[in-house]
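So you can see what is in the structure, the chains are spelled out below.
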Amino acid sequence: MAPAFSKGRGNKRPSSTSYTSTVTTLVFVALCVFGVWMVASNSMVSSPKRATITTHTAIDNTEEELLESVTNTNNNNNDNSDESSDQPVNNNQDDSSDGITKSEESESNENGSSDNNNSDDGALLSSTQSEASSESNENGSSDNDNNNQIKASQKDEENQEQTMESQNNNVDTGGGESQEQSSLGNDEQENEKQLREDKGENDDSTEEAEKKRKKASKKEEAKGDDDNNNDLEWHLCNVTAGFDFIPCLDNEKYLKYSHRKHYEHRERHCPEDAPTCLVPLPNGYKEHIPWPSSRDKIWYHNIPHTKLAEVKGHQNWVKLTGEFLTFPGGGTQFIHGALHYIDFLQKAEAGIAWGKHTRVILDVGCGVGSFGGYLFERDVIAMSFAPKDEHEAQVQFALERGIPALSAVMGTQRLQFPGRVFDLVHCARCRVPWHEDGGLLLLELNRVLRPGGFFVWSATPVYQTLKEDVEIWKQMSALTKAMCWELVTIKNDTLNQVGAAFFRKPVSNECYEQREENEPPMCKDDDDPNAAWYVPLQACLHKLPGEKSERGAEWPEAWPERLHKAPYWLSDSQVGIFGKPLPQDFVEEDQRWKDVIDELSNNGVSWSNIRNVMDMRAVYGGFAAALRDLQLWVFNVVNIDSPDTLPIIYERGLIGIYHDWCESFSTYPRTYDLLHADQLFSKLKNRCKLAPVIVEVDRIVRPGGSLVVRDESNAISEVESLLKSLHWEVTLSKDQEGVLFAKKGYWRPTSFVSLF
């Protein structure tokens, strides 16, 4: 080794014994220093992967320093050599690191670009992220110390050392790892602060700054939405359904490949992107005929369909009479009029007690809605439904007449109603195969029927003796017995020459527990009977309430007392939506709407033209209850992301449904006179764009109909902008902040756009 060193460096000074001794001593000291440094360096490095990189760097640089130290000894004295080797430890690396850290911390705070600050809620930060941030801080500190010790002393190596330093610290000059950059060169206090922020332990000032940032972001987002809305160009929907278009039921893309065995093609299948095109008006459309005249006739040009008049006219469903479609009040099972049939059912089973004991019913396969239309005379409200099928526009006829109805089918999914809410379920030749698939569809009726409620079945198997009818009756008898339904009576209507069977659902679990066979089986304990939004049907029986304090254990108060009385099963221990004990919450919401009739009257709502009303975000049904004395009905919509108050609404003797307004509603175009939206749109903005929702409002509301919005100012502003672009007449309340009144006109664009 000596000759090599001599050969390498001997051209600068002659060799001597003293010189050799001095060099030997220096090398020995350097090796000792190197050994001590290596031990200290290894003990400071926590990450195995990082340690490998750092150690290799240290070795490479140490060899160069040793050689450089020997060279400097030949040219200088020992003191100068020591000063030269000590000098880099205190200066440039710390200054450089501090400069990077401070500038990047400032940029991160100003722009909100830090990974930690990007989180909406620091407390939601996962432990993995926190640990990663903590490890990043520790590695950054140890790397700073290592780099301070290994920095080269010569100026011509500074660029190379800076490159190596950048690699060791994983510095991305493009800002790709700003969190790790911000940790370099921090002292202990800064590291602790960073760790607290990573774990969600932000101080008050940080939280306040984050709130301001979020508020500013929402304002910018709302402004952006307004700008986008101003750029909207409206077109008419070019679809096969034309002016009868229901987006989630007329999804042509799905219908091409849909299954039909269990009527899946009649169920909801919404387009991936909610439509923003408008539905055209039928040629010759006129303002609808007001109630009660509308029950008997409507304008033909409003619903220009004649097929039902051709095939069902002899059963008095509907007839074409000049420019009107007229409705004699008949049906397949009640050719001589619905009112006679309604009274027949009452006489057959006195326990029904229309308008007292029985207030809310479900009419399956309703046709044009005459049964429900005439039940209003008995103070009963029927939730009628039928599919959009070959019975052309039957539900649209019902709604145009001013009768509650919905386009729906009993297929593979639950109906969008809670469990145990209907006082009675009615089926008059509704063409539903109740006895098939293990009673799957009849078990769905059992889910929504109130304990002790009636199922009234008027169909040929009840009163005819054809072989097929006899076999169906045999299967139905066995199925209903297994479900613990009691066959109360069978009565015949001699005028209409039909019969009806009356089944009653049990009020306790005693019969279920005593069955010899568990078929149909009991539903699992975690199967919520109220879950109904896109929930597959289950062939099972839900247990009935076991405690008197449970909903369904007792029958509601008689109508109309039940309308304003808090249900017995609301407990003071439960907190309501408005923050008070639930019974008190119920009463106060009821009081909130007591003056709503005068309020809307003073803002241009003409009640003589209002029949079909929808509360788009109902709570306890107080808005609907306030309108009870008017000649109208209200469909209460409980949003799927809201607390489930729909059972309370039904307990009051009102009707409603679950829905998500980010999707289209299952109704025909031009079917409602008034839509009421209380605090709806501001909540929807967090989940979907408002433009398609307003387009859906435009689809549902009749020309001349109204929309009332109560909401936050930014939501009101966006809704106002959208409605004006659709040529609605819009006014803001002078008496209340955040209340908008709008009236739809007859304007339609002239261009079309293909949707599918």
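Residues numbered from 1 in each chain as written. Predicted model: local features only at pLDDT ≥ 70, side-chain atom pairs only at ≥ 80, totals over all residues. Heavy atoms only, no water.

- Where an unreviewed UniProt entry is consulted, the protein chain appears under the name Methyltransferase, with the organism given as Arachis hypogaea.
- The protein chain has a UniProt comment under Sequence similarities (unreviewed entry) that states "Belongs to the methyltransferase superfamily." (UniProt positions renumbered as here; feature names shortened; annotations may be inferred.)

Concerning the overall build of the protein chain
Consideration 1: Counting its secondary structure elements, the protein chain contains 27 helices and 19 strands.
Consideration 2: Taking all 756 residues of the protein chain together, 51% fall into the buried category.
Consideration 3: Look at the contacts in the protein chain between residues 6 or more apart in sequence, and 70% of them connect residues 24 or more apart. (Helix = DSSP H or I, 4+ residues; strand = E, 2+ residues; numbered from the N terminus. Buried < 20%, exposed > 50% of the residue type's maximum accessible area, 1.4 Å probe, protein only. Contact = heavy atoms within 4.5 Å.)

Quick word on the state of the cysteines
Consideration 1: Scanning all chains against the criterion turns up six disulfides.
Consideration 2: What pairs with C237 in a disulfide is C277, and their sulfur atoms sit 2.0 Å apart. The chirality of the disulfide connecting C237 with C277 is right-handed, given an S-S dihedral of about 100 degrees. Of the two residues, C237 sits in strand β1 (residues 236-238) while C277 sits in the loop between α11 (252-255) and β2 (297-299), which places them 40 residues apart along the sequence.
Consideration 3: For C277, a relative accessible area of 6% translates into the label buried.
Consideration 4: What pairs with C427 in a disulfide is C430, and their sulfur atoms sit 1.9 Å apart. Taking the torsion about the S-S bond as the criterion, the C427 to C430 disulfide, at about -85 degrees, is left-handed. Judged on exposure class, the residue C427 and its partner C430 are both buried. (Disulfide = S-S within 2.5 Å.)

What to know about the sheet that holds strand β11 (residues 498-504)
Consideration 1: Taken in spatial order, the seven strands make up an open sheet running β7-β6-β5-β8-β9-β11-β10, and their pairing is mixed. Pairing within the sheet leaves two strands with one partner each, and these edge strands are β7 (405-407) and β10 (486-493). The average angle at which neighbouring strand axes cross in this sheet is 20 degrees, direction not considered.
Consideration 2: As paired elements, strand β5 (residues 360-364) and strand β6 (residues 381-386) share five bridges and run parallel to each other. Along β6, the bridge assignment pairs V364 with F385. (Pairing = 2+ DSSP bridges. Axes fitted to C-alpha atoms, helices over the stretch in contact; angles between N-to-C directions.)

Regarding the confidence of the model for the protein chain
Consideration 1: Per-residue confidence for the protein chain gives a mean pLDDT of 80; residues scoring 70 or more make up 70%.
Consideration 2: In the model, residues 1-20 has pLDDT below 50 throughout and makes 14 contacts with residues more than four positions away in sequence or in other chains.
Consideration 3: Here residues 41-188 is modelled with pLDDT under 50, and outside its nearest four sequence neighbours on either side it reaches 154 contacts, counting other chains as well. (pLDDT = per-residue confidence, 0-100.)

Observations concerning the environment of F245
Consideration 1: Its location among the elements puts F245 in the loop between β1 and α11.
Consideration 2: Accessibility expressed as a relative area gives 1% for F245, which makes it buried.

Quick look at the packing of aromatic side chains
Consideration 1: Within the structure shown, the criterion is met by 25 aromatic pairs.
Consideration 2: Where W485 meets F503, the ring centres are 6.3 Å apart and the plane angle is 45 degrees; that geometry is what we call tilted. You can see W485 sitting in the loop between α18 (467-482) and β10 and its partner F503 sitting in strand β11, a full 18 residues away along the chain. Taken as a pair, W485 and F503 share a single burial class, namely buried.
Consideration 3: Look at F586 and Y620: their rings are 6.3 Å apart centre to centre, the planes differ by 45 degrees, and that puts the pair in the tilted class. Highlighted residues: F586 in helix α21 (residues 582-592) and Y620 in the loop between β12 (612-615) and α23 (622-626), separated in sequence by 34 residues. Exposure class is identical for F586 and Y620. Each is buried. (Phe/Tyr/Trp six-rings, centres within 6.5 Å; stacked < 30°, edge-to-face > 60°.)

Quick notes on empty space enclosed by the protein
Consideration 1: Applying the stated criterion across every chain yields a total of eight cavities of 30 Å³ or more.
Consideration 2: What the largest cavity holds in volume is close to 210 Å³.
Consideration 3: As for the largest cavity, its lining consists of 17 residues, of which R268, A408, V409, R414 and Q416 are closest to the centre. (1 Å grid on protein atoms, 1.4 Å probe; cavity = no way out; pocket = protein on both sides within 12 Å on 5 of 7 lines; lining within 4 Å. Points joined across faces, edges and corners; volume = space filled by probe spheres on them.)

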